[in-house]
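As a plain string of letters, each chain reads:
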There are 2 protein chains.
Amino acid sequence: MERRLTARGKERRQQLMDFAAARFAANGYHPTSVAEIVQGIGVGKGVFYWYFDSKEELFREILKEAHTSMRRAQRVSYGEEPDPVRRIELGIRASLRWLDEHRHMLPLFQFAATEEQFAPAMRRGQEVAVADVVRHIKDGIVDGTIRDVDPEVLANGVLGVTNQLSRMYLRERRSNIDEIADAAVAFCLDGLRGP
Amino acid sequence: MERRLTARGKERRQQLMDFAAARFAANGYHPTSVAEIVQGIGVGKGVFYWYFDSKEELFREILKEAHTSMRRAQRVSYGEEPDPVRRIELGIRASLRWLDEHRHMLPLFQFAATEEQFAPAMRRGQEVAVADVVRHIKDGIVDGTIRDVDPEVLANGVLGVTNQLSRMYLRERRSNIDEIADAAVAFCLDGLRGP
DNA sequence: AGCCTTCTTGACCGCGTGGTCAAGTGTTGT
DNA sequence: ACAACACTTGACCACGCGGTCAAGAAGGCT
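Calculation notes
- Residues numbered from 1 in each chain as written.
- Chains lettered and ligands numbered in written order.
- Predicted model: local features only at pLDDT ≥ 70, side-chain atom pairs only at ≥ 80, totals over all residues.
- Axes fitted to C-alpha atoms, helices over the stretch in contact; angles between N-to-C directions.
- Helix = DSSP H or I, 4+ residues; strand = E, 2+ residues; numbered from the N terminus.
- Parallel < 35°, antiparallel > 145°, perpendicular 65-115°, else oblique.
- Left-handed = near helix turned anticlockwise from the far one by under 90°.
- Contact = placed C-beta atoms within 7 Å.
- Nonpolar A, V, L, I, M, F, W, Y, C, P; charged D, E, K, R; others polar.
- Near = placed C-beta within 6 Å.
- Core = buried A, V, L, I, M, F, W, Y, C linked by C-beta atoms within 7 Å.
- Buried ≥ 20, exposed ≤ 12 C-beta atoms within 10 Å, placed from the backbone.
- Least-squares fit on C-alpha atoms with pLDDT ≥ 70 in both.
- Expected span 1.5 Å × (residues − 1).

1. Things to note about the packing of helix α8 (residues 151–172) of chain A against helix α9 (residues 177–190) of chain A
Residues and elements named next belong to chain A.
Step number 1: Direction vectors running N to C along α8 and α9 enclose 150 degrees, while the axes themselves pass 10 Å from each other. Overall, the two elements α8 and α9 adopt an arrangement that is roughly antiparallel. In the crossing of α8 with α9, the sense of the turn from one axis to the other is right-handed. Within the contact between the two elements, α8 uses Val158, Val161, Thr162, Leu165 and Tyr169 and α9 uses Ile177, Ile180, Ala183, Ala184, Phe187 and Cys188.
Step number 2: Looking at the contact of α8 with α9, its residues break down into 10 nonpolar, one polar and no charged.

2. Description of the protein's contact with DNA strand D
Step number 1: Close to DNA strand D lie 21 residues; Gly9, Val43, Gly44 and Gly46 of chain A together with Ser33 of chain B are nearest.
Step number 2: Those elements giving two or more residues to the surface near DNA strand D turn out to be α1 (7–27) and α3 (45–51) of chain A together with α2 (34–40) and α3 (45–51) of chain B.

3. Side note on the protein's contact with DNA strand C
Step number 1: For DNA strand C, the set of nearby residues contains 21 residues, the closest of which are Ser33 of chain A together with Gly9, Val43, Gly44 and Gly46 of chain B.
Step number 2: For the surface near DNA strand C, the secondary structure elements donating two or more residues are α2 (34–40) and α3 of chain A together with α1 (7–27) and α3 of chain B.
Step number 3: For the surface near DNA strand C, the element with the most residues is α3 of chain B, which contributes four residues.
Step number 4: Tallied by class, residues from the surface near DNA strand C come to seven nonpolar, seven polar and seven charged.

4. Observations concerning the nonpolar core
Burial of nonpolar side chains together is a common tendency in soluble globular proteins.
Step number 1: If you look at the biggest cluster of nonpolar residues, it comprises 54 residues, and the most contacted ones within it are Val158, Ala184 and Cys188 of chain A together with Val158, Ala184 and Cys188 of chain B.
Step number 2: Counting only elements with at least two residues in this core, the list comes to α5 (84–101), α7 (119–142), α8 and α9 of chain A together with α5 (84–101), α7 (119–142), α8 (151–172) and α9 (177–190) of chain B.
Step number 3: Counting residues in each nonpolar core, the second largest holds 44 residues, with Ala20, Met105 and Leu108 of chain A together with Tyr51 of chain B among its members.

5. Focus: the relation of the copies chain B and chain A
Step number 1: Between the two copies, chain B and chain A, the superposition gives an RMSD of 0.0 Å; the rotation angle is 180 degrees and the shift along the axis is 0.0 Å. These values place the two chain copies in the arrangement generated by a two-fold rotation axis.
Step number 2: By residue overlap, the copies meet face to face through one surface: 100% of the interface positions of chain B are interface positions in chain A.

6. Details of the interface of chain B and chain A
Step number 1: Of the residues lining the interface, 35 residues belong to chain B; the matching set on chain A comes to 35 residues.
Step number 2: Secondary-structure elements contributing two or more residues to the side of chain B that touches chain A are α6 (105–112), α8 and α9 of chain B.
Step number 3: Ranked by residues supplied to the side of chain B that touches chain A, first place goes to α8 of chain B with 11 residues.
Step number 4: Residue composition of the side of chain B that touches chain A, by class: 16 nonpolar, 13 polar and six charged.

7. Points about helix α4 (residues 55–78) of chain A
Step number 1: Look at α4 of chain A: 36 Å from first C-alpha to last across 24 residues, which is about the 34 Å you get at 1.5 Å a residue.
Step number 2: Those residues of α4 of chain A that are buried are in contact with α1, α5 and α6 (105–112) of chain A.

8. Observations regarding the environment of Arg123 of chain B
Step number 1: Residue placement: Arg123 of chain B occurs in helix α7.
Step number 2: As a C-alpha pair, Arg123 of chain B and Asp182 of chain B span 59 residues in sequence and 27 Å in three-dimensional space.

9. Remarks on the packing of α1 of chain A against α4 of chain A
Residue and element names in this part refer to chain A.
Step number 1: It is at 10 Å that the axes of α1 and α4 come closest, and there the two elements cross at 95 degrees. Judged on the interaxial angle alone, α4 and α1 are roughly perpendicular. Facing α1, whose interface residues are Met17, Ala20, Ala21 and Phe24, α4 presents Leu58, Phe59, Glu61, Ile62 and Glu65.
Step number 2: Residues belonging to the contact of α1 with α4 are distributed by class as follows: seven nonpolar, no polar and two charged.

Here is the structure:
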């Protein structure tokens with residue numbers, strides 16, 4: 001869109017994105033109409049199209065913001081940590097904590113991955129995450145703490161565990177997120193059989 | 001729906017389900033219209049509503065059929081195998097093989113999990129799969145081959161790895177499915193660090 | 001042959017959708 | 001005071017959607 005926004009404008013924009021994200025998460029992207037979104041925050045339809053070109057752009061912006069935010073959280077979490085295994089652990093914990101704080105984003109991510117129009121963006125985000133873990137795994141292989149297997153496969157394993165456990169946790173919420181993180185880390189490092 | 005169908009009728013029904021599944025997988029559920037489906041197989045719209053009450057029922061039937069088929073494949077795969085760890089391994093291999101043979105179903109499953117109306121069915125299917133792995137894990141804990149950690153968490157880890165690696169494989173298809181299965185099994189059993 | 005059932009047709013319906021726009025209201029800088 | 005700009009309104013539009021139905025064709029019994 002590209003528009004000069006005042007502070008008030010930026011707030012409205014954010015309000016639209018937040019409300020829409022919540023509705024998308026609860027009802028699905030397609031079933032949630034633009035009319036529903038603007039009614040939900042009590043403004044006219046024109047407001048929506050003042051801030052966004054289309055419903056599709058809105059959704060893309062939501063995804064972009066989420067990706068950026070999650071990635072920042074991960075980066076911060078393993079700061080200058082030298083041990084690659086520990087870096088992986090910190091990454092897992094950061095992801096789970098972020099997802100816990102942004103619960104509604106998980107179904108949105110899942111949906112976005114299934115639609116042709118959003119899949120490329122999701123794929124790119126995923127690739128960045130994989131590349132990150134791959135880097136740590138390669139370091140770990142070099143210093144002998146991780147066994148020498150295709151790092152990309154291992155990285156996908158780590159992401160798969162994290163993803164699945166976060167979904168399980170968000171569904172059942174029987175334990176707190178740190179316990180889940182402990183389990184995820186243990187599973188990724190030593191599998192079912194343990195050390 | 002419940003209707004007495006001749007052999008010809010059953011074929012038409014299956015044809016509709018197969019074509020619709022392919023379109024849903026490629027285009028998404030909502031963006032694929034009933035008109036598009038009937039045009040795709042060259043029949044009038046009435047045919048669709050002769051075999052199904054609604055687009056939603058069609059999709060539900062597709063999911064049901066897929067679940068049944070996948071579950072049968074898993075059951076067959078570990079037949080009478082006594083070793084629980086080996087049963088888990090065979091389950092993983094069966095799932096990956098099934099997903100390889102029914103590639104288009106993965107995006108459908110993912111989508112179904114995000115829509116309120118289909119999520120319960122998906123959750124039930126998932127629970128069955130989890131329960132299955134949990135059973136094997138409990139057996140493994142009893143005979144000491146698997147460490148004593150919440151079996152449900154471990155089971156979700158296994159499913160997460162399988163899921164993610166199958167998605168990676170379907171996207172990139174760099175190696176054959178059996179190699180992916182080897183990697184998945186190794187990761188689940190011994191994690192990043194290895195035995 | 002006749003008849004009942006299964007199957008097929010496609011025009012049609014009401015509705016809600018994403019998106020537009022001419023007109024108007026606040027707000028801010030000069 | 002005035003102009004320039006940021007924002008808001010909501011009726012309106014064309015369109016395509018899921019779903020219906022009266023009419024008929026095709027099969028398969030007896």
